Amino acid sequence: QVHLVESGGGLVQAGDSLRLSCAASGAFSSYSMGWFRQTPGKEREFVAAITWSGDKTYYADFVKGRFTISRDDAKNTVYLQMNSLNQWDTATYYCAAVAYYDGTYYFEGTYDYWGQGTQVTVSS
């Protein structure tokens, strides 16, 4: 199995930035990675994804231009750089992994492994 641990969440003000990290065990370089978020009363929604090779990235429309996903295979870590945060970005953020997958990265069911989540709170 793959074990994922998120970190980097916290309380920030609107307009600030945060960088989330997801440290992975196992064959990280063989896994495509995604970020999802969830708030109370809403279903988990897709945020961003990066292919196992790192050659392609995908973003939800509501974060495109503000968030950037990247990976460092030498550190077994995927990042989510979040800029221009607003109150609507407040959520628990989860990273997820799927082996050698190219397709519909925005589907929650695509991923086989999930982290425990890290809380991001943006005050106005």
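First, a word on what this report is: a plain description of the structure on this page. (Residues numbered from 1 in each chain as written. Predicted model: local features only at pLDDT ≥ 70, side-chain atom pairs only at ≥ 80, totals over all residues. Heavy atoms only, no water.)

## Points about the pairing of strand β1 (residues 4-7)
Going by this rule: Buried means the residue's accessible area, taken with a 1.4 Å probe over protein chains only, is under 20% of the maximum for its type, while exposed means over 50%, and partly exposed covers the values in between. Helix and strand assignments follow DSSP, with helices taken as H or I runs no shorter than four residues and strands as E runs no shorter than two, numbered in order from the N terminus. Two strands pair if DSSP finds at least two bridges between them.
Residues L4 and E6 line the buried face of β1, whereas the alternating positions V5 and S7 sit on a face that is not buried. Judged from the 4 bridges that link them, β1 and strand β3 (residues 18-24) form a sheet pairing that is antiparallel. What sits directly across from V5, in β3, is A23.

## Remarks on the state of the cysteines
Covalent bonding between the sulfur atoms of two cysteines defines a disulfide. For the record, the criterion: Two cysteine sulfurs form what is called a disulfide whenever their separation falls within 2.5 Å.
Applying the stated rule across the entire model yields 1 disulfide. The side chain of C22 participates in a disulfide bridge whose partner is C95; the two sulfur atoms lie 2.0 Å from each other. Around the S-S axis, the bridge from C22 to C95 shows a dihedral of about 50° and counts as right-handed. Placement of the pair is C22 in strand β3 and C95 in strand β9 (residues 91-99), with a sequence separation of 73 residues.

## Points about unusual backbone geometry
One non-glycine residue, N76, adopts positive backbone phi at about 50°. Mapped onto the fold, N76 is located in the loop between β7 (67-72) and β8 (77-82). Classification of N76 as partly exposed rests on a relative accessible area of 25%. Even without a glycine there, the phi angle at S84 is positive, about 50°. Among the secondary structure elements, S84 is positioned in the loop between β8 and β9. Overall, the relative accessible area of 44% leaves S84 in the partly exposed class.

## What to know about the packing of aromatic side chains
Put simply, the test is: Ring geometry is summarised as follows: Phe, Tyr and Trp rings, the Trp one being its six-membered ring, pair when their centres sit within 6.5 Å, and such pairs are stacked at plane angles under 30 degrees, edge-to-face over 60 and tilted between the two.
Evaluation of the coordinates by the stated rule reveals 7 aromatic pairs. Judged by centre distance (5.6 Å) and plane angle (75°), the ring pair of F36 and F46 falls under edge-to-face. A residue pair is termed long-range when its members are at least 10 positions apart, and F36 in strand β4 (residues 31-38) and F46 in strand β5 (residues 45-50) qualify at 10 residues. Assessed through its relative accessible area of 1%, F36 is described here as buried. F46 gets classed as buried once you look at its relative accessible area, which sits at 11%. For the ring pair Y58 and Y105, a centre distance of 5.0 Å and an interplane angle of 25° mean the geometry is stacked. Placement of the pair is Y58 in strand β6 (residues 57-59) and Y105 in the loop between β9 and β10 (113-114), with a sequence separation of 47 residues. Classification of Y105 as buried rests on a relative accessible area of 1%. One aromatic cluster in this structure is built from F36, F46, Y111 and W114.

## Some thoughts on the sheet that holds β8
Heads up, the rule is: Note on geometry: axes are lines fitted to C-alpha atoms, helical ones only across the stretch in contact, with angles between N-to-C directions running from 0 to 180 degrees.
As summarised here, the arrangement of the 4 strands in space is β1-β3-β8-β7, forming an open sheet in which the pairing is antiparallel. Each of the sheet's edge strands pairs with one partner strand only, and the pair in question is β1 and β7. If you compare each strand with its neighbour and ignore which way they point, the axes differ by 15° on average. Pairing geometry for β3 and β8, over 6 bridges, is antiparallel. Pairing of S21 across the sheet is with Y79, part of β8.

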